[in-house]
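# Residue-level structure breakdown
As a plain string of letters, each chain reads:
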Amino acid sequence: MSDSYDVVVIGGGPAGYPCAIRAAQLGLSVACIDNWLNRDGGHAFGGTCLNAGCIPSKALLESSELYHRAQHEFATHGINISKASLDLAAMQKRKNDISGQLTGGIRTLFKANGVEGLPGTGSLAGKGKVRYEPMEGEARELSAKHIVIATGSKPVELKKIAPFDGDRVVDSWGALDFESVPKRLGVIGAGVIGVELGSVWSRLGAEVTILEAMPDFLPMVDQAVSKDSLRQFGKQGMDIKLGAKVTGAKVMKSKVSLSYELKGEEQSLDVDKLIVAVGRAPNTDNLGAEEAGVERDDRGFVVVDENYRSSAEGVYAVGDVIGGQMLAHKAIEEGVVLAEQLAGHKGVAVNYNAVPCVIYTSPEIAWVGMSEKQATEAGFEVKTGQAPFAANGRAKALEMTAGMVRVISDVKTDRILGVHMSGPYVSELLAEAVLALEYGATTEDVALTMHSHPTLSETLHEAVLSVDGLAIHAVNKKRGK
Ligand code: FAD
Ligand code: NAD
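Residues numbered from 1 in each chain as written. Chains lettered and ligands numbered in written order. Predicted model: local features only at pLDDT ≥ 70, side-chain atom pairs only at ≥ 80, totals over all residues. Heavy atoms only, no water.

## Considering the sheet that holds strand S14 (residues 273–276)
Pairing within the open sheet is parallel, and its five strands lie in the order S7-S14-S8-S9-S10. Only two strands of the sheet have a single neighbouring strand rather than two, namely strand S7 (169–170) and strand S10 (239–242). Judged from the four bridges that link them, strand S8 (residues 184–188) and S14 form a sheet pairing that is parallel. Of the residues in S14, the one forming a bridge with Val187 is Ile275. Lying over the sheet, helix H6 (residues 192–203) contacts S8, strand S9 (207–212), S10 and S14, oriented at roughly 165° with respect to S9. (Pairing = 2+ DSSP bridges. Helix = DSSP H or I, 4+ residues; strand = E, 2+ residues; numbered from the N terminus. Contact = heavy atoms within 4.5 Å. Axes fitted to C-alpha atoms, helices over the stretch in contact; angles between N-to-C directions.)

## Quick word on the domain arrangement of the chain
Partitioning the chain into domains gives domain 1 (4–154 + 281–350), domain 2 (169–278) and domain 3 (354–467). Here the C-alpha centre of domain 3 lies 29 Å away from the C-alpha centre of domain 2. Each side of the interface is counted separately: domain 2 has 16 residues, and domain 3 has 19 residues. Looking at the side of domain 2 facing domain 3, the largest losses of area belong to Met220, Asp222 and Val225, adding up to 35% of the total buried there. Where domain 2 meets domain 3, there are one salt bridge. Between Arg406 and Asp222 there is a salt bridge, with the nearest N and O atoms lying 2.6 Å from each other. Where domain 2 meets domain 3, there are five residue pairs in polar contact (both at pLDDT 80 or more). Of all the elements in the fold, those that place two or more residues in the side of domain 2 that touches domain 3 are H6 and helix H7 (223–235). Looking at the side of domain 2 that touches domain 3, the element that brings in the most residues is H7, giving six residues. Within the side of domain 2 that touches domain 3, the residues separate by chemical class into eight nonpolar, four polar and four charged. (Domains from an automatic or database assignment. Buried area = accessible area lost by both parts, 1.4 Å probe. Salt bridge = Lys/Arg side-chain N within 4 Å of Asp/Glu carboxyl O. Polar contact = N/O pair within 3.5 Å; in protein donor to acceptor, adjacent residues only side chain to side chain. Nonpolar A, V, L, I, M, F, W, Y, C, P; charged D, E, K, R; others polar.)

## Section: the side chain of Lys95
With respect to the element layout, Lys95 can be found in helix H4 (residues 88–113). Once you skip the residues sitting within four places of it in the chain, Lys95 turns out to touch Pro56, Ala59, Leu60, Leu176 and Asp177.

## A word on the site of ligand 1
Close contacts around ligand 1 come from 37 residues, with Asp34, Asn35, Thr48, Lys58 and Ala328 the closest. At a separation of 3.4 Å, an oxygen atom of ligand 1 approaches a polar backbone atom of Cys49. A distance of 3.2 Å is found between an oxygen atom of ligand 1 and a backbone nitrogen or oxygen belonging to Leu327. For the shell around ligand 1, the secondary-structure elements that each account for two or more residues are strand S2 (30–34), helix H2 (47–52), helix H3 (54–72), strand S3 (116–124) and helix H9 (328–342). For the shell around ligand 1, the leading source of residues is H2, giving four residues. Here the shell around ligand 1 is built from residues that sort into 16 nonpolar, 17 polar and four charged. (Near = heavy atom within 4 Å.)

## What to know about the packing of aromatic side chains
In this structure the tally under the stated criterion is four aromatic pairs. With 5.0 Å between their ring centres and 45° between their planes, Trp36 and Trp173 make a pair best called tilted. One end of the pair, Trp36, is in the loop between S2 and H2; the other, Trp173, is in helix H5 (residues 172–176), with 137 residues separating them in the sequence. The buried category is assigned to Trp36, whose relative accessible area is 17%. The interplanar angle of 50° and the centroid separation of 5.2 Å between the aromatic rings of Phe178 and Trp201 together place this pair among those described as tilted. (Phe/Tyr/Trp six-rings, centres within 6.5 Å; stacked < 30°, edge-to-face > 60°. Buried < 20%, exposed > 50% of the residue type's maximum accessible area, 1.4 Å probe, protein only.)

## Some thoughts on helix H12 (residues 426–438)
Its 13 residues place the ends of H12 18 Å apart at the C-alpha level, agreeing with the 18 Å of an ideal helix rising 1.5 Å per residue. Regarding H12, the residues found buried are Val426, Ser427, Leu429, Leu430, Ala433, Val434, Ala436 and Leu437. On its buried face, H12 is in contact with strand S17 (357–359), strand S18 (364–369), strand S21 (416–423), helix H13 (443–447) and helix H14 (457–466). Immediately downstream of H12, the backbone of Gly440 shows phi near 65°, a positive value. (Expected span 1.5 Å × (residues − 1).)

Here it is in structure tokens:
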């Protein structure tokens, strides 16, 4: 085995493994070092996303949603079943199997594309050099023309208030692995993880309270959509307390006692398990970044230019470790674009104005581009359109009529600036909106596009039509408003 490569990628998550594969497809010799260890002590490529993030959380969201629907909705469809019962061990096994199948697939892809997959830890060891410590055997030095840091991120710990103990106070990974449904579940942080994992355990029977420090709920989402979603979550029984400042968490034998401030008053809450989901921090410890001259910002993210070059020559970084939106598809795009650039392709770039975002709750929340507030603050004169799923035949057939689509567009050019929505499968509807933004489409372009009937996409069509007061199946705003 040669120890000299065109590209050595450190990190085999959504940023690293696609970067390695594309670089190899374009004729470069590539190694990808990754040190993810699963609970069973086994290594798996795929990083946070496949092992402890996107995939296992979506598996549990799907299973818990089915369980909830079986209990609460089947009778409406005229289907009577004897009381649904939960086999959590089987649900968890299914989740783990899905992750295992996908992470195993990366090994196959590496083989097929000629990428050297190296389980172990990588660190920068001088210009063009990477120290590789395998999971078994002696450390050795690899040389590389290009070194890519794709080491991802880890959960932020509230060390002083509620440190992780792996049992009662857990991070998102711990919260995906509960072996029984906690009776009372506390969550610190009503961000994406807080509401997704709060939903899972709420559907499975936990009494969920989420404490969020900020006064606004999901501030990146258009206000009409976030407000409506907050109401829906409340109806489902999740108690989301905004403006709640957690001051302490006392771990006792059988519970965690939380204290927090709300509207100037000291409050307390006892829970059986506590999830801390207050954001993620970059993985740059023990990477040799400082010695190698790789600049990091005050939060530890690697600083890169528009071509993902760090301050050290020949060292690049992509994915969560450079900050921005911490999303798997953003990481994938960056990894692939960087690989293309390393292979000499010019003019390839990520369009950060059209990054799709999804929260896989029920209703799902999905958006791309600016909210009405962001567009106004950016100086646009905006016009908006809106349509509810309550008027959509397919949504009625699905018994999923909560939510809406909102379209934000520029008065001067009619260009669509953003699409924000909540409702059934809006994660899938979002692709049309992303394409519209990517192509610089106007509302007229989408209005003149035929949408099949009856589908959920008709609500997007209606929202676009309503921008100019032309929706057929939704009540239009009075013109001029
Ligand atoms: P990571 O996935 O963190 O991968 C980095 C890899 O590098 C890891 O395997 C790590 O072990 C390895 N590594 C670190 N240091 C070293 C070293 N020195 N040597 C060798 N290897 C090293 N995003 C979405 O888009 N959709 C979702 O639905 C979604 N759901 C999520 C749910 C949860 C619960 C969480 C926590 C995250 C979720 N995310 C989701 C975010 C997504 O997981 C991340 O944005 C994505 O994994 C980032 O990819 P990455 O490759 O940059 O980092
Ligand atoms: P987040 O940034 O989405 O939310 C963290 C929340 O915690 C914020 O609302 C913040 O105001 C709040 N918070 C921070 N400190 C607090 C404190 N001391 N007390 C109470 N509240 C506090 O972060 P996350 O939910 O941990 O998710 C991490 C990353 O993972 C995100 O960037 C997200 O994009 C990604 N992720 C994506 C998906 C998805 O795409 N569906 C799913 C899960 C995670």
